[in-house]
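Each chain, written out:
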Amino acid sequence: MKYLRLIPALLLGVMLTACNTTKKLYEAQQYDEVIQRVAPDICAGDMNAKHINYVAASYHKANQADHERIQALKATGQPDAWPEIYQRYCSMKGRNEALACFPREVKQGMNYVKLDLNDDMMAARNHAEAFLVAKANQLLNTGSKADAEEADKFIEQLQRTNQENSNLPQLKKKSLMCQTDRVFVTIYNDDERPLGDGFANAVLSFDEGEVPANVTNLAKRHTRLSVKDAEVRVAISDVQITPNRLDEVTFKETNGGKTVEVTDHSQNKAVTVTGTLKYYDAYGYRALAVVPFEVKSTFKNDYTTIKGDREACSAETLSRLNSQPVPVPTDESMLLDAAKKLNDLIATELKK
């Protein structure tokens, strides 16, 4: 029986401890922690009057403080105020949503009103993103490693604000390229077609001054990256080579009773290489930035042949008769041409 008597005492102790902790958080003005701690219990049906009062007071005081701070920040007219304005709008919306599940009578008793902050939040977020992007770029454009490290703070804040911001990959890439001592450029072929060393060498053979000084040409990396190294992986995902194609169109021309049969021929072939440039820091867990690419090498040669009286040809046909068929380039030569174009694309990308 003594154990049965002990159970209510333990429950009472837990309740008193919970109330005491909530009170301490409230007195310390940790209003959001009060809401996070107590609101789920109220939503689940715990109608503890003290808890409801603490949540209600915390909700209104926190929202009032955020509202006043937002107005003060807007009054400054400074662009660097927008990230904080956006975060405070997020806090207000989060509190409002946390209490949305309260019973109707509880909401009425605490003067809860559903807030519509979507338009204000969207405007604040747009302003905040514009400031963070501009500030990060300003720091990265100095070329200083210290400034790049400082830019990372704004890039991280931008990602917290909107992880889908289109500027994030470029900013992360610029920061990585600025802070690293060495950038190893490597090539990976995920296509079934073996491309050979000639292709890899053509992709990775940069001329002096064509890429930043810290870029190291390397077809295959054999050394472990140090903490100040980075890697740009040229990942080939697909190689398409069209078969040799000869298109022909035949028609007749007449002139002064004379007739000639004209055939226009078109030789065609194309190589398309697609993939991505993936930027990794020394830890290499996941790509900091991914840049898709597509390069093409195309061959096209047009020529014209006739059967019949040459005097029946139009001036335009006569002008095309000097063209001749030529040997179609091999797959290897066109792949090599595509590799050189990819080399130019990578060089341009690394200097952005």
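First things first, this report covers the structure right here in the doc. (Residues numbered from 1 in each chain as written. Predicted model: local features only at pLDDT ≥ 70, side-chain atom pairs only at ≥ 80, totals over all residues. Heavy atoms only, no water.)

**Description of the side chain of K174**
Mapped onto the secondary structure, K174 falls in helix α8 (residues 168–179). An unpaired buried charge is present at K174: no salt bridge exists, and E349, the closest side chain of opposite charge, is 11 Å distant. Excluding its chain neighbours within four sequence positions, the residues that come into contact with K174 are N137, L140, N141 and K352. (Helix = DSSP H or I, 4+ residues; strand = E, 2+ residues; numbered from the N terminus. Buried < 20%, exposed > 50% of the residue type's maximum accessible area, 1.4 Å probe, protein only. Lys, Arg positive; Asp, Glu negative; His and termini not counted. Salt bridge = Lys/Arg side-chain N within 4 Å of Asp/Glu carboxyl O. Contact = heavy atoms within 4.5 Å.)

**Observations concerning the environment of N118**
Along the polypeptide, N118 turns up in helix α6 (residues 118–140). Spatially, the C-alpha atoms of N118 and T161 are 15 Å apart, while their sequence positions differ by 43 residues.

**A word on the packing of helix α4 (residues 82–98) against α6**
Each packed pair of helices is defined by two parameters, the angle between the axes and the distance between the axes. Between α4 and α6, the shortest axis-to-axis distance is 8 Å and the interhelical angle comes to 150°. As summarised for this structure, α4 and α6 are arranged roughly antiparallel, according to the angle between their axes. Here α4 and α6 pass one another in a crossing that is left-handed. Residue-level contacts link W82, P83, I85, Y86, Y89, C90 and K93 of α4 to N118, D120, M121, A124, R125, H127, A128, F131 and L132 of α6. When the residues that make up the contact of α4 with α6 are grouped by side-chain class, the tally is 11 nonpolar, 2 polar and 3 charged. (Axes fitted to C-alpha atoms, helices over the stretch in contact; angles between N-to-C directions. Parallel < 35°, antiparallel > 145°, perpendicular 65-115°, else oblique. Left-handed = near helix turned anticlockwise from the far one by under 90°. Nonpolar A, V, L, I, M, F, W, Y, C, P; charged D, E, K, R; others polar.)

**Looking at the state of the cysteines**
Evaluated as defined, the whole model comprises 1 disulfide. A sulfur-sulfur separation of 1.7 Å characterises the disulfide bridge that pairs C43 with C101. One disulfide, between C43 and C101, carries an S-S torsion of 55° and so falls in the right-handed class. Linking C43 in helix α2 (residues 31–43) with C101 in the loop between α4 and α5 (104–109), this pair joins segments that are 58 residues apart in sequence. Overall, C101 belongs to the partly exposed group, its relative accessible area being 42%. Take C90: it sits in no disulfide, and the sulfur closest to it among the cysteines is that of C101, at 19 Å. (Disulfide = S-S within 2.5 Å.)

**A few points about α2**
Taking 1.5 Å of rise per residue, 13 residues should cover 18 Å, and α2 covers 18 Å from first to last C-alpha, within 8% of that figure. For α2, the principal kink sits at R37 and spans about 30°; a proline, P40, occurs within the next four residues. Of all the residues in α2, the buried ones are Y31, V34, I35, V38, A39 and I42. Residue G45 follows α2 closely and has a positive phi angle near 110°. (Expected span 1.5 Å × (residues − 1). Bend = angle between axes of the 7 residues up to and from the residue.)

**Some remarks on helix α3 (residues 49–76)**
In an α-helix, one turn spans 3.6 residues; hence positions three or four apart end up facing the same way. Between its terminal C-alpha atoms α3 stretches 41 Å, which fits the 40 Å expected from 28 residues at 1.5 Å a residue. Buried within α3 we find H51, I52, Y54, V55, A56, S58, Y59, A62, N63, D66, I70 and L73. Regarding α3, its N-cap is N48, as a side-chain oxygen of that residue lies 3.0 Å from the backbone nitrogen of K50 further along. Note on α3: the residue one or two positions beyond its end, G77, has a positive phi of about 70°. (Polar contact = N/O pair within 3.5 Å; in protein donor to acceptor, adjacent residues only side chain to side chain.)

**Describing the nonpolar core**
Ranked by size, the top nonpolar core spans 37 residues in total, and within it F199, V203, V234, I236, V273, Y279 and L350 carry the most contacts. Among the secondary structure elements, those contributing two or more residues to this core are α8, β1 (182–189), α9 (196–204), β3 (229–241), β5 (258–281), β6 (289–308) and α11 (331–350). The leading source of residues in this core is α11, at 8 residues. Ignoring anything within four residues of it in the chain, the contact list for V203 reads I187, V234, A339, L342, N343 and I346. Core analysis: the second largest hydrophobic core is formed by 19 residues, V34, Y54, Y59 and F102 among them. (Core = buried A, V, L, I, M, F, W, Y, C linked by side-chain atoms within 4.5 Å.)

**What about the packing of aromatic side chains?**
Enumeration according to the criterion identifies 5 aromatic pairs in this entry. For the ring pair Y26 and Y31, a centre distance of 5.6 Å and an interplane angle of 55° mean the geometry is tilted. The class for Y26 is buried, based on a relative accessible area of 17%. With centroids separated by 6.2 Å and ring planes inclined at 15°, the aromatic side chains of Y283 and Y285 adopt a geometry described as stacked. A single burial state applies to Y283 and to Y285, both of which are exposed. Members of the aromatic cluster, connected to one another through ring pairs, are Y26, Y31 and Y54. Lying across the ring of Y280, R233 places its NZ or CZ 3.9 Å from the centre. (Phe/Tyr/Trp six-rings, centres within 6.5 Å; stacked < 30°, edge-to-face > 60°. Lys NZ or Arg CZ within 6 Å of the ring centre and 35° of its normal.)

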